[in-house]
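Each chain, written out:
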Amino acid sequence: MRLRWIGWLLAVMVIVPLLGLYLAPGLGLWWADRWYQQQGDGYGIDAERWTFSPFAGELTLHQLTLRHPGHASGEQTQLQQLQLQWHTPSLWQQYLHITDLQLLGLTVQVEQSGDINAPESKPQLMVAGLNLPLAETGEPPAAAEAEAEEAAPLAWRVRVDQWQLTPDIRWRAAQAPASAGQVALSLTGKNLTWPLSEAMTHELQLQLRGLNLDGQLTADFNLHVQGQLGAGMSDWQGDVRLSEAALAHSQAPPLALAELSLAQLRWQQAKPQAAELQSLQLEQLRIGDSEQPLLSLASYAVDELALSAEQIRTGWHEYQGLELNLTLDEQGELIGLPPQSQAANAELASAAPEQSVTDEPEAQQTLSEPAATESNTPRPSTSEPSTPNIELAGLRQRGEPSRLELRDASVMPTLEQSVSIKALEVSPLQWQASGSQQPSGLKQPLDFNLELALDDYNRIHSQGKLTTFKREQVIFPQGQLTFTVEQLNLVPYNGYLARAMGYHAERGQLNLKAEVGFDEGQLQGDVDILLRNARFEPENDAVIERVSQQISMPVDTALSLLRDDNGNIRLNVPLSGDLASPDVGLNDLSKQLATLALRTATMHYLKQSLVPYGTLLSLADYAGSKLMAIRLDAVVFSAEQESLNDQQRAQLDKVAAIMQEKTELELKACPQFAKTDAPDNWPALATQRAQWIKQYLAQSQDDNDQTLAARITLCKPELEEQHQVVLGF
């Protein structure tokens, strides 16, 4: 009997602790629910089901809900699933070995009140229905450290074989700084140890939505990071991808990005300020609004990047699909920038003179100090942030030509120009930063090649080889470059011509060739200018007077002296002098004008030479003030006509025959639009018809095997009685 009671007692002593151990999570939830109900009206904790196996090392919890109605942190906080599996025997060896950790579907809302930088405002963190104070307790740091040392537990080792965390957090902070947003995380990984004795693989997927910082910055993006952290945090390597990014700031245009990927990014603890990257790829960048962005870029790629505090070294930078839309208003301000940024720029510009005046005495004192102390002991060098050296293999454009759409309403008439970037390549770029033993500047010559096109016939080309030369702390270019302009129609640029010389071009085509050299701060070169069929009309008398004084004669007189028998203007402008104050050759231009004499017309000979074509073309003399000396039959169009018809092509074949034989003739094509019910875009419609004629004639070549396009000039469109393009020599 006595042994039986002892057996029962032993059984109870074993079963009760085991039962309590198995029921611990349930008892804990019951106690937590009782305590939580006391925190507010309607508060409570619900759990759908749970399991606990202490010896098997498993704890699961499903559909946990914390109800807190009316609280700033929302109505409820939810957790879909918690799963924890561990190795129980290892606990006796102070080794926490978790084989699987899953925290799935945690949805929580966080709100901060008060200013964490101002304890008197009693800042609080409100989460899961609770108000947690954020102010410091004021306990002396030394006492807190001593207490922490006394309470420090024995060293435990921790290992987590695999884990998965998927929280969804909404937050809102009223101050310091005011912010709001929602972040959804998915963090998975393997082989987490503490201390970090093994390499750990991990993957992070982050989705940020509705970020708002103090009403100044908003952002949305997805972030994907996948990599491996070395043992002892010795290094990290992996891939980073940012996608579906949208960023907006009150003082900057909005930015959108489809994807930015960093492949094989590597960081080493031995070089904490250095990183290596196999490649960088950017896709679908847009700056500005979606309808007409300031900049859009299809792709941008860089390979073999190495970044450090001392050096930035990369391979080739390649881009394609670049489009720029630049629109200037009447004041010359770029449209598309927020008003705040424009106001800030204006304030900086207005404050700059005052700042320079204020700082002038101090600057003079600073400059005078070396002279007074040069013979004394040297002053200790001040530590300034060093600028890294830069080495780039080059920059080049790939794929189809890029485009620049320019509209400038600050000139009259408004310029609307489409620029095609046919080619761009710069290589290599090796910049030696200041502070090193060598002076700052390019370490080796830079080769560049740029080709632009303003229409089907125009080409603007520049190429050369440049490096740098430093003189008296000023960096000058060093090397050679060429710059050519072919078949540039002057009429669209009348606004700039009026500013520069006070005239508008009724017609005119510019060809320019410049060869420029830079040698130790000295400029040398020549610019050859050819104006084909140019005709100018006065627009701004004040500018004309200023330019006339610079060249020592009236501008219209100078233009008359420079014209040859075909109405072309040829001019050579030498460039020379110090780059700090270069001479653009106005004195030499005056000499060229002084040696020229007025030339008599040769139209009689021209008329006689055209007699064989008299049965095909009608000739009509115009006075010198008119558009042409010899006028041909105009090409008449109907209002709805969309291309040249057979009759018009036959008429142009006769014109081509004349120009093929008479290689000295210059053809003017002057579009006219019927003034009756003319639409707002009539200049573009009229110019398009003249371009049809030039495109057709450009298919022919003269006796010198040169295309006729170079000798065809388009005039400024005019409103007249009918739709036609007037032709003449």
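What you are looking at is a predicted structure, and each value in this text was computed from that prediction instead of being measured. (Residues numbered from 1 in each chain as written. Predicted model: local features only at pLDDT ≥ 70, side-chain atom pairs only at ≥ 80, totals over all residues. Heavy atoms only, no water.)

**Points about the overall build of the protein**
Okay, so step 1: If you tally the helices and strands in the protein, you get ten helices and 33 strands.
Okay, so step 2: Expressed as a percentage of contacts within the protein between residues at least 6 apart in sequence, the contacts between residues at least 24 apart total 58%. (Helix = DSSP H or I, 4+ residues; strand = E, 2+ residues; numbered from the N terminus. Contact = heavy atoms within 4.5 Å.)

**Considering the environment of Arg398**
Okay, so step 1: Tracing the backbone shows Arg398 in the loop between strand E16 (389-397) and strand E17 (402-408).
Okay, so step 2: Arg398 gets classed as partly exposed once you look at its relative accessible area, which sits at 39%.
Okay, so step 3: Taking the C-alpha atoms as reference, Arg398 lies 5.1 Å from Gln320; in sequence the two are 78 residues apart.
Okay, so step 4: For Arg398, the contacting residues outside a window of four places in its chain are Glu318, Tyr319 and Gln320.
Okay, so step 5: A polar contact is formed between the side chain of Arg398 and the side chain of Glu318, at a distance of 3.2 Å. (Buried < 20%, exposed > 50% of the residue type's maximum accessible area, 1.4 Å probe, protein only. Polar contact = N/O pair within 3.5 Å; in protein donor to acceptor, adjacent residues only side chain to side chain.)

**Side note on the packing of helix H9 (residues 646-661) against helix H10 (residues 682-697)**
Okay, so step 1: For the pair H9 and H10, interaxial distance at closest approach is 10 Å and the crossing angle is 60°. As summarised for this structure, H9 and H10 are arranged oblique, according to the angle between their axes. Once H9 is placed against H10, the crossing between them reads as right-handed. Contacts between H9 and H10 pair Arg649, Leu652, Asp653, Val655 and Ala656 from the former with Ile693, Tyr696 and Leu697 from the latter. (Axes fitted to C-alpha atoms, helices over the stretch in contact; angles between N-to-C directions. Parallel < 35°, antiparallel > 145°, perpendicular 65-115°, else oblique. Left-handed = near helix turned anticlockwise from the far one by under 90°.)

**Quick notes on the pairing of strand E11 (residues 235-249)**
Okay, so step 1: Here twelve bridges tie strand E10 (residues 217-229) to E11, and the two strands are oriented antiparallel to one another. In the sheet register, Ala219 faces E11, and the bridge partner there is Leu247.
Okay, so step 2: Here E10 folds back onto E11 in antiparallel fashion, the turn holding five residues, of which Gly232 has a positive phi close to 65°.
Okay, so step 3: Pairing between E11 and strand E12 (residues 252-268): twelve bridges, direction antiparallel. Across the sheet, the residue bridging to Arg241 is Ser261, located in E12.
Okay, so step 4: In this antiparallel pair of consecutive strands, E11 and E12, the connection spans two residues. (Pairing = 2+ DSSP bridges.)

**Brief notes about the pairing of strand E1 (residues 44-53)**
Across a regular strand the side chains alternate sides, sitting on one face of the sheet and then on the other.
Okay, so step 1: Pairing of E1 with strand E2 (residues 58-71) involves nine bridges; the strand directions are antiparallel. If you follow Phe52 over to E2, its bridge partner there is Leu59.
Okay, so step 2: Counting the residues between successive antiparallel strands, the hairpin from E1 to E2 contains four residues, one of them, Gly57, with a positive phi of roughly 75°.

**Description of the state of the cysteines**
Okay, so step 1: Summed over all chains, the structure comprises one disulfide.
Okay, so step 2: Sulfur-sulfur distance for the disulfide between Cys670 and Cys715 comes to 2.1 Å. You can see Cys670 sitting in strand E30 (residues 667-674) and its partner Cys715 sitting in the loop between strand E31 (712-714) and strand E32 (718-720), a full 45 residues away along the chain.
Okay, so step 3: A relative accessible area of 5% means that Cys715 is categorised as buried. (Disulfide = S-S within 2.5 Å.)

**Some points on the packing of aromatic side chains**
Okay, so step 1: Applying the stated rule across the entire model yields five aromatic pairs.
Okay, so step 2: Between Tyr36 and Tyr43, the ring centres sit 5.1 Å apart and the planes meet at 35°, which makes this aromatic pair tilted. When sorted by exposure, Tyr36 lands in the same class as Tyr43, which is buried.
Okay, so step 3: Aromatic pair Phe673 and Trp682: ring centres 6.4 Å apart, planes at 40°, arrangement tilted. (Phe/Tyr/Trp six-rings, centres within 6.5 Å; stacked < 30°, edge-to-face > 60°.)

**What about the confidence of the model for the protein?**
Okay, so step 1: Averaged over the protein, the pLDDT score is 80; the fraction of residues at 70 or greater is 77%.
Okay, so step 2: Contacts of residues 348-383 to residues separated by more than four positions or lying in other chains number three contacts, the stretch itself having pLDDT below 50.
Okay, so step 3: Every residue in residues 585-627 is under pLDDT 50, and counting partners more than four places away or in other chains gives 67 contacts. (pLDDT = per-residue confidence, 0-100.)

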